[in-house]
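These are the residues of each chain, in order.
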Amino acid sequence: MTIRHHITDQLLMGYSAGQLPEAFNLVIAAHLSFCDECRARLGAFDAIGGALMGECDSVAMMESSLTATLDRLTQPAPAPRLRRKACKVLPAPLVDYVGGDLASVKWRSIGMGVRQAILPTDAGATARLLYIPAGQKVADHSHRGMELTLVLQGAFSDETDRFGPGDLEIANDDLHHQPVAEEGPDCICLAATEAPLRFNGLLPRLAQPFLRI
Amino acid sequence: MLDTAPFQKADALTASRHYAAASAAVCLRQKGKSVSSETTPEDWSALILRVRDTQDKAAFAALFRHFAPRIKGFLMKSGASATLAEECAQDVMATLWQKAHLFDPARASAATWIFTIARNRRIDALRKSRRPEPEELTWGPEAEPDQHEALELSQDTERLGEALALLPQKQRDLIERAYFHDLSHSEIATETGLPLGTIKSRIRLALERLRHKMS
Ligand SMILES: [Zn+2]
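Structure report, in brief. (Residues numbered from 1 in each chain as written. Chains lettered and ligands numbered in written order. Predicted model: local features only at pLDDT ≥ 70, side-chain atom pairs only at ≥ 80, totals over all residues. Heavy atoms only, no water.)

Moving on to the sheet that holds strand E7 (residues 162–163) of chain A. On the basis of which strands lie adjacent, the open sheet formed by three strands has the order E7-E6-E10 (chain A) and antiparallel pairing. This sheet does not close on itself; its edge strands, each paired only once, are E7 and strand E10 (180–181) of chain A. (Pairing = 2+ DSSP bridges. Helix = DSSP H or I, 4+ residues; strand = E, 2+ residues; numbered from the N terminus.)

Following this line, the structure appears as structure tokens:
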């Protein structure tokens, strides 16, 4: 997998600090599962967190604190079972959200052969899996907030570039785009949207209530 | 910025001797029950490894005395009450004990790793958004990282701390707000002005070695 489009420093710092909405965290965790480059960069941001914590004014622990904690220590947790990759397409964090492999995804048709599955996350941003048949266009839309799209299978292109497996497209509210799935394997993406999408055509606007976005 | 500055590989033999000496030194100091401010970052890593390998409670106590008050300070600065911060700092230290087998000194210094545990505890305690982790990369217990890599990473991390202290106040405030407060992601600085490239390159090498061993 040759990844050309990575997580920005801004989002990696937010993920390291634990300050992003859940849907964004999920997309980032999924990209990190594929991308050692970003995983290493995250390590650098975690190191900033460690340095900041080290410089915090110490606040004395209660006197009984160490004894109380020592009393709590039991046997260390058993050596971790390697979370086996249950799915060729979905990385482990997504397998957790879907509750299984690709066959467990509860797709709903949203027209033109495109299917989606909303994943349960907290408010602030919405996460969904998208299934776009090879060669299919996705409704023309623009954004009110940020949209992250991670390619899991296949590829798509839009006005900005081509995005293949592992690539992350970060669209800001100024981007008005119309992604097209490439010929070849059908395109499966994980998308997180900060605010409802605005579609620019009549039909997609009618479809919006079904999209739950 | 995360430039990919190449770094010099130190003489592995010399470095691993240095590391062994540091570990020996901390063992001696532990026996004499005087872990002082001389304790270096490598020493903290060595103590976590002792918790991992021999469930050493003296090593744990030394880690607790150093890190627990800082974790408590970190949580209070993030908005937790003293009571909540006290409770969570104890939890973080208990988690360190439980999860010591996941500590990899070639990928994170002791302070970095403890920060990630404290951050996760903070997410629960302050009811922040759930934060799924990427797929784990785990090596078997027999596959030990090169000690000189661990030493170099903790030295890089220490240098990062020094650079952080020297940042212009405005830049520093922005980074602090990102880590301690609810700074929306669009407000987070895109450039830290910190030399993160060397740390990144070093972790990248450790990951490559790990992937190699796993395949
Ligand atoms: Zn990446």
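What follows concerns the sheet that holds strand E5 (residues 147–153) of chain A. All names here are of chain A. With respect to topology, six strands assemble into an open sheet ordered E1-E2-E3-E11-E5-E8, the strand pairing being antiparallel. Across the chains shown, the open sheet's two edge strands, defined by having one partner strand only, are strand E1 (108–109) and strand E8 (168–171). Along the sheet face, helix H2 (residues 22–34) touches strand E2 (115–119), strand E3 (126–132), E5, E8 and strand E11 (187–193) and points at about 140° away from the line of E11. (Contact = heavy atoms within 4.5 Å. Axes fitted to C-alpha atoms, helices over the stretch in contact; angles between N-to-C directions.)

One non-glycine residue with positive phi stands out, namely Met112(A), at about 55°. Relative to the helices and strands, Met112(A) resides in the loop between E1 and E2. Positive phi, close to 45°, is recorded for Gln55(B), a residue that is not glycine. With respect to the element layout, Gln55(B) can be found in the loop between helix H2 (41–54) and helix H3 (57–77). A relative accessible area of 32% means that Gln55(B) is categorised as partly exposed. (Buried < 20%, exposed > 50% of the residue type's maximum accessible area, 1.4 Å probe, protein only.)

What follows covers the coordination of the zinc ion. Residues and elements named next belong to chain A. For the zinc ion, the full set of protein donor atoms is His-6 (ND1), His-31 (NE2), Cys-35 (SG) and Cys-38 (SG), and the range of their distances to it is 2.1 to 2.3 Å. Between the four donor atoms coordinating the zinc ion, the angles at the centre fall across 97 to 123°, so the site counts as tetrahedral. Mapping the donors of the zinc ion onto the primary sequence gives the spacing H-x24-H-x3-C-x2-C. Of the two residues, His-6 is situated in the segment before helix H1 (9–17) and Cys-35 in the loop between H2 and helix H3 (36–55); the sequence distance between them amounts to 29 residues. With a relative accessible area of 28%, His-6 lands in the partly exposed category. (Donors = N, O, S within 2.8 Å, 3.2 Å for Na, K, Ca; no water. Tetrahedral: all angles 85-135°; square planar, octahedral: opposite > 155°, others 65-115°.)

Purely geometric numbers; function is a separate question.
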